[in-house]
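# Coordinates in review
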Amino acid sequence: MARYALTDIHGCARTFKVLVQDKLKLQKSDELYVLGDLVNKGPDSRGVIDFILHLRKQHYQVHCLRGNHDQMLLKAVEKGDKALDLTETEEKRCCRVLI
């Protein structure tokens, strides 16, 4: 059993998948800790979340902590886009793929 810790994925789903599947070769007996900032900045925030959910459904041991970018997204869901503190480019990349 191996333990891995990753952080600041920031919506880079393709890179995250390659790292987990091809480089780490994650096994169901391994533990993967994702230490926040799953979303924002990169082109596919939804893909990151979907991949993590897929791994968990397949009984991989994936544990996530909420980062400040993740919290900002949850706040925006609750309070609207005025709660976002993003550049225009970040807002387009992050929010449009999650809807």
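Above this note sits the structure.
So, here's what we can say about the structure. (Residues numbered from 1 in each chain as written. Predicted model: local features only at pLDDT ≥ 70, side-chain atom pairs only at ≥ 80, totals over all residues. Heavy atoms only, no water.)

Now for the pattern of salt bridges. Scanning the model with the defined rule gives 2 salt bridges in all. For R3, the salt bridge identified is with E31, shortest N-O distance 3.0 Å. Residue R3 is located in strand β1 (residues 3-6), and its partner E31 is located in strand β2 (residues 31-35); the two are separated by 28 residues in the primary sequence. Under the relative-accessibility criterion, R3 is labelled exposed at 58%. A salt bridge links D50 to R46; its shortest N-O distance comes to 3.6 Å. Of this pair, D50 and R46 both sit in helix α2 (residues 45-57), 4 residues apart, which is roughly one turn of that helix. (Salt bridge = Lys/Arg side-chain N within 4 Å of Asp/Glu carboxyl O. Helix = DSSP H or I, 4+ residues; strand = E, 2+ residues; numbered from the N terminus. Buried < 20%, exposed > 50% of the residue type's maximum accessible area, 1.4 Å probe, protein only.)

What follows covers the packing of helix α1 (residues 13-23) against α2. The contact between α1 and α2 brings their axes to 8 Å, and the two run at 30°. On the basis of their axis angle, the class for α1 and α2 is roughly parallel. Handedness of the crossing formed by α1 with α2: right-handed. For the pair formed by α1 and α2, the contact residues are A13, F16, K17, V20 and Q21 on the first element and G47, V48, F51, I52 and L55 on the second. Of the residues belonging to the contact of α1 with α2, the class tally is 7 nonpolar, 2 polar and 1 charged. (Axes fitted to C-alpha atoms, helices over the stretch in contact; angles between N-to-C directions. Parallel < 35°, antiparallel > 145°, perpendicular 65-115°, else oblique. Left-handed = near helix turned anticlockwise from the far one by under 90°. Contact = heavy atoms within 4.5 Å. Nonpolar A, V, L, I, M, F, W, Y, C, P; charged D, E, K, R; others polar.)

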